[in-house]
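Understanding the architecture of this molecule
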Amino acid sequence: MLRNKKTFSFILALALVFNTTMATASTSVNGKKQEQKENEKKIDGLKEKNKSLETEKGQVQQEIKEITTNIAEKINVINNKDKELSSVEDNIKDLEGSISSLQEETKDLEKGIKEKEIEFKDKEKLLDDRLRAIYKNNTYNQLLFVIFESSSFSDFISKFENIKRMVNYDKDLMEEIKSIQDDLKEKEEKLLEDRKSLENKKGQLDSAKSKLVEEKKALENSKKELETMENQKLAKTSALSDEQKKVQREASQLEDINEDIQREIDSIIAASANKNNGSSNNTGGNNNNNNNGTSQPSKPSSGGWIYPVSAPITSHFGYRIHPVTGEKKLHTGTDFGAPMGAPVKAVKDGQVIFAGLNAGYGKMIIIDHGNGIQTLYGHSSALHVSTGDRVKQGQVISNVGSTGMSTGPHLHLEFLVNGSRVNPMSYLG
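Time to look at the overall build of the protein. Looking only at helices and strands, one finds four helices and 13 strands in the protein. Burial analysis of the protein (429 residues in total) assigns 34% to the buried set. Here the contacts in the protein between residues at least 6 apart in sequence split such that 74% fall between residues at least 24 apart. For the protein, the computed accessible surface area is about 25400 Å², with 51% contributed by carbon and sulfur atoms.

Next up, the structure:
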């Protein structure tokens, strides 16, 4: 009887030590968890800010794209205007050449007209002098003179015909000169009309050129404004990128702090588990609390471990790009893409050393399997065991969820060996 009392007292003392140790560990862990939770809120805020900056940067980049397209269109129009200007300038040069040629022709005609006028006046004076001489001298006496001077009648006729021919020649010459003069004047008038027409065309082309020059100038000013706007947008994009980097650095720092806190939590839990490893082996705890959730274990690996869920692996243990900070960071476990509410099983017999809420892992369970090996089950929607419970391999301990820092329903499984995280697949096979 005395021996039974001593045994009972020893067990009671062990239970009191266990409960005191667990309570102390729980208080310390809860404090750390609260700090983690506050950091996670800050990280969430930074994540939202990063998303907002990314959205704003995307909008600015779209505006830059539109501005760049607009600039390209302006450049294309300016190039077309340059081609039009070049064509107009070529036409103006051609017209100026034609006008210059007409001016030279007009000068030559004017010179010819003046020469013909002088020649006409000379011939007119010569004819006038001859006619005046005939008029002054008696025609009868002139004829007598020609008769007396003639050696014969035929000579008379010949001399008379010569006089008549000379007079007629002078008249014909004057008429020819007059005709040439009139023709030259007609040509001059035609050249003047052509020149006037060309000058009108040149005036129109000059006007068109001025208009094109103004349009090109307006386009170039518009292009400069767009380029200024583009540079401002690029500067804004750069500033947003700098702001994003700052936000990402802050988030990364908070994540590092939370990782340090998590290591402290793990250390506290591990220390608590080591202190109570021997004393709790026979407690039984709430061993039968979840018999309804126990199922036959899957085919164990060579080390005797089973998969916690029947689902594909969506993210392996190892380094990956962090979704918030954009940095390469270690993914400390293996993610299984199980649906919301799917049962989560213990991978091996052990004792629950933590069952509760964690800022990063959400609703979380840690099971100590002895020999320094612990397993962690994160992001659950519901927990079916409590701290101190002993569980059997294949027993349903929780349901898949998306609590904590999670992007969707899945199970996050970790293996901790002497406090260090290792690849779960090294054990699960």
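So, about the side chain of threonine 334. Here threonine 334 is to be found in strand S4 (residues 334-336). Here threonine 334 falls in the buried class, since its relative accessible area comes to 0%. Excluding residues within four positions of it along the chain, threonine 334 makes contact with Ile313, Ser315, Phe317, Leu411, His412, Leu413, Asn423, Pro424 and Met425.

Position of glutamine 393 among the secondary structure elements: in the loop between strand S10 (390-391) and strand S11 (396-399). Judged by relative accessible area, glutamine 393 falls into the buried class, the value being 17%.

Attention now moves to unusual backbone geometry. In this model, asparagine 371 sits at a positive phi of 60°, which is unusual for a non-glycine residue. Mapped onto the elements of the fold, asparagine 371 is located in the loop between strand S7 (362-368) and strand S8 (373-380). Taking the relative accessible area as the measure of exposure, asparagine 371 reaches 77% and is therefore exposed.

Below, the discussion takes up the confidence of the model for the protein. Detail in the predicted coordinates should be disregarded across regions flagged by low pLDDT. Of the residues in the protein, 75% reach a pLDDT of 70 or more, and the chain-wide mean stands at 78. A low-confidence stretch, residues 276-298 (pLDDT under 50), is modelled with 35 contacts involving residues beyond four sequence positions or located in other chains.

Let us now look at the sheet that holds S11. Strand order in the open sheet made by the three strands is S5-S11-S9, with antiparallel pairing throughout. The open sheet has two edge strands with one neighbour each: strand S5 (343-345) and strand S9 (382-383). Pairing of S9 with S11 involves two bridges; the strand directions are antiparallel. Counterpart to alanine 382 in the pairing with S11 is asparagine 399.

Ranked by size, the top nonpolar core spans 24 residues in total, and within it Val309, Ile367, Tyr377, Ile397 and Leu428 carry the most contacts. Only S7, S8, strand S12 (411-417) and helix H4 (425-428) provide two or more residues apiece to this core. When neighbours within four sequence positions are excluded, leucine 428 is seen to be in contact with Ser301, Trp305, Ile306, Tyr307, Pro308, Phe336, Val347, Leu413 and Phe415. Formed by 13 residues, the second largest nonpolar core is a distinct cluster that contains Leu102, Leu191, Leu205 and Leu212.

A word on the pairing of S11. Where S5 and S11 come together, three bridges link them in antiparallel fashion. In the strand pairing of S11, lysine 345 is matched with valine 396.

Turning our attention to the pattern of salt bridges. Should their charged atoms come close, side chains of opposite charge can pair. One pass over the full model with this rule turns up eight salt bridges. Salt-bridge contacts for glutamate 243 lead to lysine 49; the nearest nitrogen and oxygen are separated by 3.1 Å. Taken together, the residues glutamate 243 in helix H3 (residues 153-275) and lysine 49 in helix H1 (residues 2-136) connect sequence positions 194 residues apart. One salt bridge in this structure joins glutamate 63 and lysine 233, with 2.5 Å as the shortest N-O distance.

Time to look at a negative patch on the surface. Taken together, Asp182, Glu186, Glu189 and Glu193 make up a surface patch of like negative charges. Mapped onto the elements of the fold, glutamate 193 is located in helix H3. With a relative accessible area of 55%, glutamate 193 lands in the exposed category.

Rules behind the numbers
Residues numbered from 1 in each chain as written. Predicted model: local features only at pLDDT ≥ 70, side-chain atom pairs only at ≥ 80, totals over all residues. Heavy atoms only, no water. Helix = DSSP H or I, 4+ residues; strand = E, 2+ residues; numbered from the N terminus. Buried < 20%, exposed > 50% of the residue type's maximum accessible area, 1.4 Å probe, protein only. Contact = heavy atoms within 4.5 Å. Areas by Shrake-Rupley, 256 points an atom, 1.4 Å probe, with all protein chains shown as cover. pLDDT = per-residue confidence, 0-100. Pairing = 2+ DSSP bridges. Core = buried A, V, L, I, M, F, W, Y, C linked by side-chain atoms within 4.5 Å. Salt bridge = Lys/Arg side-chain N within 4 Å of Asp/Glu carboxyl O. Patch = residues over 30% accessible without salt bridge, like charges linked within 9 Å, V, L, I, M, F, W, Y side chains within 5 Å. Lys, Arg positive; Asp, Glu negative; His and termini not counted. Charge placed at Lys NZ, Arg CZ, Asp CG, Glu CD.

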